[in-house]
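Architecture at a glance
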Amino acid sequence: MMAAAASLIQKIGEAVKQVAANRGSDWWYTPHMAAASRAISERLPLVDLILEVRDSRIPWSSEYGQLRKLTPSARHIIVLNKKDLANRCQTKEWLRFLKEHNCSSFAVDSHNKENVQEFLNFIQARVKEMNKMKHHPANTITLMLVGIPNVGKSALANALHQVGRITAAEKGKLKHSIVSPQPGETKSISSLKIASHPNVYVLDTPGILPSKINDDWVCSKLALTGAIKDSAVGEIELVQYFLSILNSSDEYTKWGKLSGIEIGRLSSGGGTDLDKRRKKQYPTDHTQDFIVNNVRRTLFEAISSFKGDLENRKDTARLMEEEFNLLLKVFHLPSESEEETNWKRVATKLLNLFRTGRVGHYTLDSIPSKAPSISF
C-alpha cells in the first residue's frame with residue numbers, strides 16, 4: 001500500500017476504535033452480541049464440526065478471534081466465502097498457506113450452486129471420516145457456522161440447505177436464515193438441515209466482533225468490506241481507501257480494452273433507439289452494465305493519464321478529486337452546491353460496485369511470511 005494512504009488508514013482506524021470504545025453503540029458488542037458470544041461458546045464443544053467463515057478478500061483480517069482460545073483440531077474448517085469477489089490466484093495461495101499450517105480450508109461462492117455442491121461433498125466426506133473413527137457412528141451430525149459480521153454465513157447456510165434438500169430429494173417447506181448487506185442482522189442461532197443419511201444440520205449464528213480492535217489496517221479492511229457499519233467511518237473515507245488501492249494496483253488496466261463507442265453514444269445523446277430508451281429508463285441505476293462499463297472506462301482513463309506521484313499525498317488527493325467529479329457525471333447525478341453531498345452520493349454507489357465485484361476483484365490481505373497473531 002502506498003505511503004500516501006497511511007494517514008487515511010489511520011483516520012479510519014481511529015474512527016472504528018472510537019465506535020468500539022463507545023459502549024452506547026447500537027450495534028458493536030451490544031448486550032445482544034455479548035449474549036450471542038456466550039451462547040456460541042457454550043455450543044462449540046457440543047458440535048461435531050466448526051465452520052469458521054471468513055471473507056476471501058481478507059482471509060486473515062476476518063479471523064474469528066473467539067476460536068483462538070481453542071486448540072486447533074480436525075473439527076475446525078476455515079471457509080473462505082465470497083471467493084467470487086477476491087483475486088482468484090491469491091485465494092489459491094491462501095488455501096496453500098493454510099494447508100501448510102495444518103488448517104483445513106475450502107473456498108466457496110455461496111451464490112454458485114455447483115460450487116456449493118462441491119463444498120457439501122467436502123463436508124459429507126469429512127463426516128464419513130469422523131464416523132469411521134467412532135465405535136458407534138452418529139445418525140445426526142451438527143455443524144456450526146461462526147464468524148464476524150457480514151462474511152456471508154447466512155447466505156452460505158441457506159445455499160447448503162437448498163442444495164442439500166435437492167440432493168436428498170426432500171420435500172417440505174424451505175427454511176431461510178436472514179440475509180442482509182448490513183452487518184449484525186442475524187440475531188439468533190437457527191438450525192437448517194443440509195444432508196440425510198446421516199442427517200446433517202448446520203447452525204447459523206450471529207456475527208461477532210471482538211470488543212476492541214487495535215490494528216488500524218485491520219479496522220480499515222473490515223470497514224471497506226462491510227463487516228463494520230459504514231456510519232462508523234463514512235462512505236467518502238471508505239471509497240477514498242478503495243481508490244487508493246485501485247490507483248496503485250494493476251486491476252484497472254484490464255478495463256483499457258473496453259470500447260469507447262458505448263460511452264460516446266451515451267454521453268453525446270446519439271446511438272440507436274434502444275440506446276436512447278435505455279438511457280432514459282435507467283439514468284441513475286448504477287448497477288446497469290452500461291453504467292458499470294462507463295465507470296470502469298472513466299477510472300481507467302483517469303488513472304492512465306495521471307502524471308503525478310502516487311506516493312505524494314497532494315497528488316493522490318488531486319487524482320481522487322478528479323475521479324469523484326468524473327463519476328458524478330457517469331452516475332448521472334445532479335451537481336449540488338455542497339461538494340460533500342456530491343461526493344457522498346458518488347461514494348455510496350461506487351462502494352456498492354466494489355462490494356459486489358463490479359469494479360474488480362481484490363484480496364486485501366497479503367500472505368504473511370509466517371503466521372503472526374493479530375492483536376485484537
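What this report covers is the structure whose coordinates are included nearby. In this text, all values refer to a predicted model and were calculated from it rather than measured experimentally. Residues take numbers from 1 onward in each chain, read along the sequence in its written order. Note on the predicted model: pLDDT of at least 70 is required for a residue's local features to be given, and 80 or more for side-chain atom pairs to be given and counted; whole-chain, interface and lining totals, by contrast, use all residues. Excluding hydrogens and water, the side-chain values take into account all heavy atoms of the structure.

In terms of burial, strand β4 (residues 140-146) is a largely internal element, five of the seven residues being buried. In the sheet, β4 pairs with strand β6 (residues 199-204) via six bridges, with the strands oriented parallel. In the strand pairing of β6, L145 is matched with D204. For every residue, the accessible area obtained with a 1.4 Å probe (protein chains only) is divided by the maximum for its type, and the residue is called buried under 20%, exposed over 50%, and partly exposed between those limits. Segments assigned H or I by DSSP are reported as helices when at least four residues long, segments assigned E as strands when at least two residues long, and all are numbered from the N terminus. One requirement defines pairing of two strands: DSSP has to find at least two bridges between them.

Now for helix α12 (residues 339-355). Every helix has an expected span of 1.5 Å times one less than the residues it contains. Compared with the 24 Å implied by 1.5 Å per residue over 17 residues, the 24 Å span of α12 between its first and last C-alpha is a close match. Every buried residue of α12 is listed here: N342, W343, V346, A347, K349, L350, L351, L353 and F354. By the convention used here, residues are in contact when the closest approach between their heavy atoms is within 4.5 Å. In this structure, the buried residues of α12 make contact with α6 (216-225), α7 (235-247), α10 (289-304) and α11 (313-330). Positive phi appears at G357, one or two residues downstream of α12, with a value of about 75°.

Next up on the list: helix α1 (residues 6-21). With 16 residues, α1 extends 22 Å from end C-alpha to end C-alpha; this agrees with the ideal 22 Å at 1.5 Å per step. Buried within α1 we find L8, I9, I12, G13, V16, V19 and A20. The arc that holds every buried residue of α1, seen down its axis, measures 135°, which confines them to one face. Exposed residues lying more than 90 degrees from the buried face of α1 are Q18 and A21. This arc is built from the directions going out from the helix axis to the C-beta atoms.

What follows deals with the packing of aromatic side chains. Two rings from Phe, Tyr or Trp (for Trp, the six-membered ring) form a pair when their centres are within 6.5 Å of each other. A pair whose planes differ by under 30 degrees is stacked, one over 60 is edge-to-face, and the rest are tilted. The tally for this structure, following the rule as stated, stands at 11 aromatic pairs. Ring centres of F119 and F122 lie 6.3 Å apart, and the angle between their planes is 20°; on these two criteria the pair is classed as stacked. Here F119 pairs with F122, and both are found in helix α4 (residues 113-132), just three residues apart, close to one helical turn. Under the relative-accessibility criterion, F119 is labelled buried at 0%. Given a relative accessible area of 23%, F122 falls into the partly exposed group.

In this structure, P198 follows H197 across a cis peptide bond, with omega equal to 0°. Positive phi outside glycine occurs at N102, with the angle close to 60°. Tracing the backbone shows N102 in the loop between α3 (88-100) and β3 (104-107). One non-glycine residue, N150, lies in the positive phi region at around 65°. What makes N150 buried here is its relative accessible area of 18%.

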